[in-house]
Amino acid sequence: MSRQPQTDSAPIHDVIGLGFGPANVAIAGAIVDKWSAAETSSSHAPLQQVLFIEKQPEFRWHPGMLLPNSRMQISFLKDLATLRSPQSPITFLAYLHSQDRLLNFINRGSFTPTRKEYSDYLAWAADFVQKRGVQVRYGEEVVAVSRLDDGTVEVRSRNVENGEEFSRRSRNLIISPGGTPKLPPALSVIVPHPRVIHSAYYLSAVEDFFASIPQSSEPLRIAVIGAGQSSTEVLLDLHSRLNSLAVSRGKKHELDMIFRKGSLKPSDDTPFSNEIFDPAATDMWYNLPSKRDRQAVLREYNPTNYSVVNMRTIDSLYEVMYHQKLLDGIKERTGREEESDRTRINLRPYTSIFAAEIVPGATGGEAVRLTFHGIHNRTVSQKTYDAVFCGTGYDRDSWTRLLASSNLAEHFGIKSSAIELVPESEPVDQGTVPLFADVEDVGVLSPVSSRSTDGFSTPPTPATPQSQHSKLNGETQLSKVRISRSYRLLTPRASGEDGQAKSADEPRIYLQGCTQSTHGLSESLLSILGVRAGLVVDELCEA
């Protein structure tokens, strides 16, 4: 394995971004706009050496969920730049104009693009900023960061194909970790396995799954875990695919949707509720006096994003299940069965997964046996499935392990990878009386961390003592790290805790998409990408 060391002649980057998803594409766009403004005014262009490092071989945005005709849940105006600068060349309207589809989109009469079109827009924007001088190294995985004596940060990365290592220096670091697919605790112990599939990989994995099924007329059993947008879309797509597979007369494929709530809940996308995603709401959230107050607001607005489904998708599923009931009635009365009616959807509410194991499959190969626990009736049952698909959200805490394993940990007062972000002015002792102390059940609040939904309103899996996603393998020493309104991590010195002035050569590290606990529900979503990018880039240029 070779490594290219940093030499004195190698450039020191003004900014290195870890990851090149939508958040850092928005950052790159804001930097390009600064360059354009400098050219117009004949002034010195800021942040001239800019690099982003991305593990994927090319720009990708939720490739596993680009289902036919699936729609975005936000207005196209909440794109990478419009709310920051409507004149920016990377707005969604600029993309449509460049593709000669602007009039067609207007005639379409909808503010919400398809997910496929929005993915293409993001890829177009990523390509646009590269053509304007932003450097992107695809196919490299960041393995370590460290602080150097001159106040810069060293970033070490590795080529994912050949293992070649690189070392680069930067004055500023922007961490946009994206999401790591999260599974229910019981299933996490048997993965990786080709019959347990997260929605992040759905489109490619589902093709492989059906290709691996032996040609027979035996019915399939498939489970879908979760009750959010992704789970429901996966359920409907599987229903369509299964109905195209032949099955023995009198038998049906079984498609079970398993979730902890009592029913599918509609997302609250009404105008007043949607204001929780506005930049002004981020100010409100950040300035609340205590963690408990922020958690209370989170609980109030959970129906806007967590474990909910948009009404169009709910109506589609209900129509499918109503048609299923209609055909059952016709068969019972006449004895006639439609050839296309090959799949039975079953909803299993108030159900949690207690255990999972790999067993021999009835149709060949291996299957997954799930043990269920009834949340209210406490019953225990089992069922074996040919495949299990999970729409159970994402973890966004990889940045905590990256910093905790670095000498930057001491710099920021980090004692373990169990990190709690705290607003700059909040007392560490949390002794403030909460503003919402009169809220019912205020002592039982939803956990808030950098773990969040998948951006399609899929519910996070509740933490359990057995979960590999909870409490970081027994670490109990929680590190409270302050973060500014502009998303910059603050050292104890920078926040004035040691009574000393801030040092000019301190490395500056910003977080993107993983600060929900301090900056609100919009953090892991697309709603404020442009505004947030402008805030970060403005601060970088002023320093």
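Residues numbered from 1 in each chain as written. Predicted model: local features only at pLDDT ≥ 70, side-chain atom pairs only at ≥ 80, totals over all residues. Heavy atoms only, no water.

Engineer: Whenever I open this one, the overall build of the chain confuses me. Can you help?
Structural biologist: Of the regular secondary structure elements, the chain holds 15 helices and 23 strands. By the burial criterion, 52% of the 543 residues in the chain qualify as buried. Relative to all contacts within the chain whose residues are 6 or more apart in sequence, the contacts with residues 24 or more apart total 76%. A total accessible area of about 24,900 Å² is found for the chain, and carbon and sulfur atoms account for 51% of it. (Helix = DSSP H or I, 4+ residues; strand = E, 2+ residues; numbered from the N terminus. Buried < 20%, exposed > 50% of the residue type's maximum accessible area, 1.4 Å probe, protein only. Contact = heavy atoms within 4.5 Å. Areas by Shrake-Rupley, 256 points an atom, 1.4 Å probe, with all protein chains shown as cover.)

Engineer: Is there a simple way to think about the sheet that holds strand 20 (residues 419–423) in this case?
Structural biologist: What holds strands together in a sheet is hydrogen bonding between their backbones, with the strands either parallel or antiparallel. On the basis of which strands lie adjacent, the open sheet formed by three strands has the order 20-21-22 and mixed pairing. Across the chains shown, the open sheet's two edge strands, defined by having one partner strand only, are strand 20 and strand 22 (489–490). (Pairing = 2+ DSSP bridges.)

Engineer: Explain empty space enclosed by the protein to me, please; I cannot follow it from the model alone.
Structural biologist: Taking a probe equal in size to a water molecule and rolling it over the atoms shows the remaining empty space. Within this structure, the stated rule accounts for two cavities of 30 Å³ or more. Taken as a whole, the largest cavity spans an internal volume of roughly 40 Å³. Lining the largest cavity are Lys 252, Leu 327, Asp 328, Lys 331, Glu 337, Glu 338 and Asp 341. Grouping the amino acids of the lining of the largest cavity by side-chain chemistry returns one nonpolar, no polar and six charged. Lining of the second largest cavity is provided by Pro 279, Thr 282, Arg 485, Tyr 487, Ile 528, Val 531, Arg 532 and Leu 535. Of all the elements in the fold, those that place two or more residues in the lining of the second largest cavity are helix 9 (279–286) and helix 15 (529–542). It is helix 15 that contributes the most residues to the lining of the second largest cavity, three residues altogether. Class assignment for the residues of the lining of the second largest cavity results in five nonpolar, one polar and two charged. (1 Å grid on protein atoms, 1.4 Å probe; cavity = no way out; pocket = protein on both sides within 12 Å on 5 of 7 lines; lining within 4 Å. Points joined across faces, edges and corners; volume = space filled by probe spheres on them. Nonpolar A, V, L, I, M, F, W, Y, C, P; charged D, E, K, R; others polar.)

Engineer: So what exactly am I meant to see when it comes to a nonpolar patch on the surface here?
Structural biologist: Together, Leu 77, Leu 93 and Phe 111 line one region of the surface with nonpolar side chains, adding up to about 260 Å² of accessible area. Relative to the elements of secondary structure, Phe 111 occurs in the loop between helix 3 (102–108) and helix 4 (115–131). Since its relative accessible area comes to 51%, Phe 111 is described here as exposed. (Patch = residues over 30% accessible without salt bridge, like charges linked within 9 Å, V, L, I, M, F, W, Y side chains within 5 Å. Salt bridge = Lys/Arg side-chain N within 4 Å of Asp/Glu carboxyl O.)

Engineer: Please explain the environment of Ser 75 as it appears in this structure.
Structural biologist: Along the chain, Ser 75 turns up in the loop between strand 4 (50–54) and helix 2 (92–98). Each C-alpha atom, one on Ser 75 and one on Pro 113, is 7.9 Å from the other, the two residues being 38 residues apart in sequence.

Engineer: Which parts of the structure should I look at to understand the side chain of Ser 479?
Structural biologist: Here Ser 479 lies in strand 21 (residues 479–483). Taking relative accessible area as the criterion, Ser 479 reaches 2% and is therefore assigned buried. Looking at Ser 479, its side chain comes within polar contact range of the main-chain nitrogen of Ser 416, at 3.3 Å. In contact with Ser 479, not counting residues within four places along its chain, are Gly 413, Ile 414, Lys 415, Ser 416, Ala 418, Ile 419 and Glu 420. (Polar contact = N/O pair within 3.5 Å; in protein donor to acceptor, adjacent residues only side chain to side chain.)

Engineer: Explain the pairing of strand 3 (residues 15–18) to me, please; I cannot follow it from the model alone.
Structural biologist: A regular strand places its side chains so that they alternate between the two faces of the sheet. Residues Val 15 and Gly 17 line one face of strand 3 and the alternating positions Ile 16 and Leu 18 line the opposite face, and both faces are buried. Where strand 3 meets strand 4, four bridges bridge the pair, whose relative direction is parallel. Residue pairing across strands places Val 15 opposite Val 50, the latter belonging to strand 4.

Engineer: Sorry, what's going on with helix 7 (residues 229–243) here?
Structural biologist: End to end, helix 7 covers 22 Å across 15 residues, agreeing with the expected 21 Å (1.5 Å per residue, within 8%). The buried fraction of helix 7 amounts to 12 of the 15 residues, a majority that puts the element mostly inside the structure. By the burial criterion, the buried members of helix 7 are Gln 229, Ser 230, Ser 231, Thr 232, Glu 233, Val 234, Leu 235, Asp 237, Leu 238, His 239, Leu 242 and Asn 243. (Expected span 1.5 Å × (residues − 1).)

Engineer: What is the right way to look at the sheet that holds strand 12 (residues 221–225) in this model?
Structural biologist: Strand order in the open sheet formed by five strands is 11-18-12-13-14, with parallel pairing between adjacent strands. Looking at the sheet topology across the chains shown, the edges are occupied by strand 11 (196–198) and strand 14 (343–348). Each strand of the sheet is rotated relative to its neighbour by a mean of 20°, with strand direction disregarded. Where strand 13 (residues 253–258) lies against strand 14, six bridges are found, and the strand directions are parallel. Bridge pairing in strand 14 places Asp 256 opposite Asn 346. Packing of helix 6 (residues 202–212) onto the sheet brings it into contact with strand 11, strand 12 and strand 18 (387–390), and relative to strand 18 it is tilted by some 175°. (Axes fitted to C-alpha atoms, helices over the stretch in contact; angles between N-to-C directions.)

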